[in-house]
Amino acid sequence: MSVQRVIDYVIESPYNVNKAVLKTLLDTLVEEVGPHDPAEEVTTKEELIEALTSEEPVVELKLSNNLTIDDSITVPSGKKVTINLNGKTLTTGSKTIYVDGGEFIIDGEGSIEGTGRPIQVLNNGKLIIEGGKVVSRNDCAITCYSNGIVEMNDGEVEAQEVGILATTGAQVTINGGDITTVDNFAIGGNGNSGQGGTNIVINGGHIKGNITSAGYVACGIYQPQDGTLTINGGEIIADGGCGIVMRAGALTVNGGTIIGSGESGIRGKVGDSKITIGPNGITYDQAAHYPDGQNLSVNIINGYIIGVDEAVEVLKDEGHQETVTITGGVLLPTPDEEVIYDGGDV
């Protein structure tokens, strides 16, 4: 029984005891001992694996040392694991933490770092990021698929390629935190047939895509798959490219700031399409002919959409009737000109 529970018990007790004296003594004890920390300290990789494979349905862990795992580990269905990184680094190398039906909560300062895909979320598993940093040096930091769920409230995601890759029914909600990439889009999906059904919601946070590969431009969020993308807040930036590239699915912008940047006139590839993209706020790209592109739509209700050459660029085949509706928001086609669209289609 915790010290606080003892205090509550004494105060609520029907028996004739000197509650004031006991409460004073127990309050003093709380100050001296400090609050109870239910987290189990983990000092070795063996202890970490033992905690994850135990029959306990709820596990709270705190890293006491920097650890490196040699094999992939799994948070299975029916298991809830909270890990306080506690300023330490959990190195996965080329291995993976699979959140396979279970729930995995990351908190505290510190990092989970790998050269491959350090965290994969699948089969209705749920990843909640409350703090810390998830890093991939060579690939995607977080991969979410097969109806996996990712909720990011704080912390950082950093990747060489993709920050959060969402496919096959993934649900991704960003409420806060920072997501940055070195050489690809920060959040996005896969344009192959059958990779859609995703639901991505941005309520806050800072999302930034960068690029280093020749012939390509940066992209903040890339949507080549069927699914919904909703922007309610936050800041989405492409450093030398387009804020959001839509090749399939439905985009709704209710708020937030979407920025494309770079030199006027630059164009480059995004993804595996040969269609080139400019430094726009949003690009509607039906011309790429992605498998799920027939239902492509963009609906701008509010927010700031800022581009260098165009706030919203439309790329389409001749005769294709685009579905781009602007009923509000502030659009900046160039850094020096502000245009407000009160309604109508592009």
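Now for a quick tour of the structure.

A few points about the pairing of strand β6 (residues 88-93)
With two bridges connecting them, strand β3 (residues 67-68) and β6 associate as parallel partners. When the sheet's bridge partners are listed, Thr68 is paired in β6 with Thr91. As judged from the five bridges shared by β6 and strand β9 (residues 110-114), these two strands associate in the parallel manner. For Thr89, the partnering residue across the bridge sits in β9 and is Ser111.

Some details on the sheet that holds strand β17 (residues 171-174)
Through backbone hydrogen bonds, the strands of a sheet pair up, either in parallel or in antiparallel fashion. Reading across the sheet, the twelve strands line up as β1-β2-β5-β8-β11-β14-β17-β20-β23-β26-β31-β34 and stay open at both edges, with parallel pairing between neighbours. Looking at which strands have only one partner, the edges of the open sheet turn out to be β1 (40-42) and β34 (324-326). Strand after strand, the sheet turns through a mean of 10 degrees between neighbouring axes, direction not considered. Packed on one face of the sheet, helix α3 (residues 45-53) meets β1, β2 (58-63) and β5 (80-84) and runs near 140 degrees to β1.

Comments concerning the layout of surface pockets
Its boundaries defined by the atoms lining it, the largest pocket holds a volume of some 370 Å³. As for the largest pocket, its lining consists of 26 residues, and the residues nearest its centre are Asn184, Phe185, Tyr222, Gly271 and Asp272. With three residues, the top contributor of residues to the lining of the largest pocket is strand β22 (residues 218-223).

Re empty space enclosed by the protein
Enumeration over the complete set of coordinates arrives at one cavity of 30 Å³ or more. Along the walls of the largest cavity sit Leu48, Leu52, Leu61, Ile73, Val81, Ile83, Leu90, Ile97 and Phe104, which together make up its complete lining. Those elements that provide at least two residues to the lining of the largest cavity are α3 and β5.

Description of the sheet that holds strand β19 (residues 187-188)
Reading across the sheet, the ten strands line up as β4-β7-β10-β13-β16-β19-β22-β25-β30-β33 and stay open at both edges, with parallel pairing between neighbours. The outermost strands of the open sheet, each flanked by one partner alone, are β4 (73-76) and β33 (312-315). Bridging between strand β7 (residues 97-100) and strand β10 (residues 119-122) involves four bridges; their strand directions are parallel. Looking across to β10, one finds that Tyr98 is bridged to Gln120.

Thoughts on the pattern of salt bridges
If you walk through the whole model with that rule in mind, you get eleven salt bridges. Note that Asp139 is salt-bridged to Arg117, the shortest N-O span being 3.3 Å. Taken together, the positions of Asp139 in the loop between β12 (133-136) and β13 (142-144) and Arg117 in the loop between β9 and β10 put the pair 22 residues apart, joining distant regions of the chain. Classification of Asp139 as partly exposed rests on a relative accessible area of 23%.

A few points about unusual backbone geometry
The phi angle at Asn86 is positive, at roughly 55 degrees, despite the residue not being glycine. Tracing the backbone through its elements, the reader meets Asn86 in the loop between β5 and β6. Even without being a glycine, Ser146 presents a positive backbone phi close to 50 degrees. Mapped onto the secondary structure, Ser146 falls in the loop between β13 and β14 (149-152).

Focus: the state of the cysteines
The full count for this structure, using the stated rule, is zero disulfides. We note that Cys219 lacks a disulfide partner, and the nearest cysteine sulfur, in Cys242, lies 6.1 Å from it.

Regarding the nonpolar core
Core analysis: the biggest nonpolar cluster contains 63 residues, and Phe104, Ile119, Ile142 and Ile244 have the highest contact counts within it. Leu165, Val245, Ala288 and Tyr290 belong to the second largest nonpolar core, which has 15 residues in total.

Remarks on the side chain of Ser136
As for its placement among the helices and strands, Ser136 is situated in strand β12. On the basis of relative accessibility, which here comes to 2%, the residue Ser136 falls in the buried class. For Ser136, the side chain forms a polar contact with the main-chain nitrogen of Asp139, separated by 2.9 Å. Setting aside its immediate chain neighbours within four residues, Ser136 contacts Gly114, Thr115, Gly116, Pro118, Ala141, Glu158, Ala159 and Gln160.

Remarks on the packing of aromatic side chains
For the structure shown, the criterion picks out one aromatic pair. Ring geometry for Phe185 against Tyr222: centres 5.2 Å apart, planes inclined by 50 degrees, an arrangement best described as tilted. Highlighted residues: Phe185 in the loop between β18 (178-181) and β19 and Tyr222 in strand β22, separated in sequence by 37 residues.

About the criteria used
Residues numbered from 1 in each chain as written. Predicted model: local features only at pLDDT ≥ 70, side-chain atom pairs only at ≥ 80, totals over all residues. Heavy atoms only, no water. Pairing = 2+ DSSP bridges. Helix = DSSP H or I, 4+ residues; strand = E, 2+ residues; numbered from the N terminus. Axes fitted to C-alpha atoms, helices over the stretch in contact; angles between N-to-C directions. Contact = heavy atoms within 4.5 Å. 1 Å grid on protein atoms, 1.4 Å probe; cavity = no way out; pocket = protein on both sides within 12 Å on 5 of 7 lines; lining within 4 Å. Points joined across faces, edges and corners; volume = space filled by probe spheres on them. Salt bridge = Lys/Arg side-chain N within 4 Å of Asp/Glu carboxyl O. Buried < 20%, exposed > 50% of the residue type's maximum accessible area, 1.4 Å probe, protein only. Disulfide = S-S within 2.5 Å. Core = buried A, V, L, I, M, F, W, Y, C linked by side-chain atoms within 4.5 Å. Polar contact = N/O pair within 3.5 Å; in protein donor to acceptor, adjacent residues only side chain to side chain. Phe/Tyr/Trp six-rings, centres within 6.5 Å; stacked < 30°, edge-to-face > 60°.

Everything listed is a geometric property; what it means functionally is a separate question.
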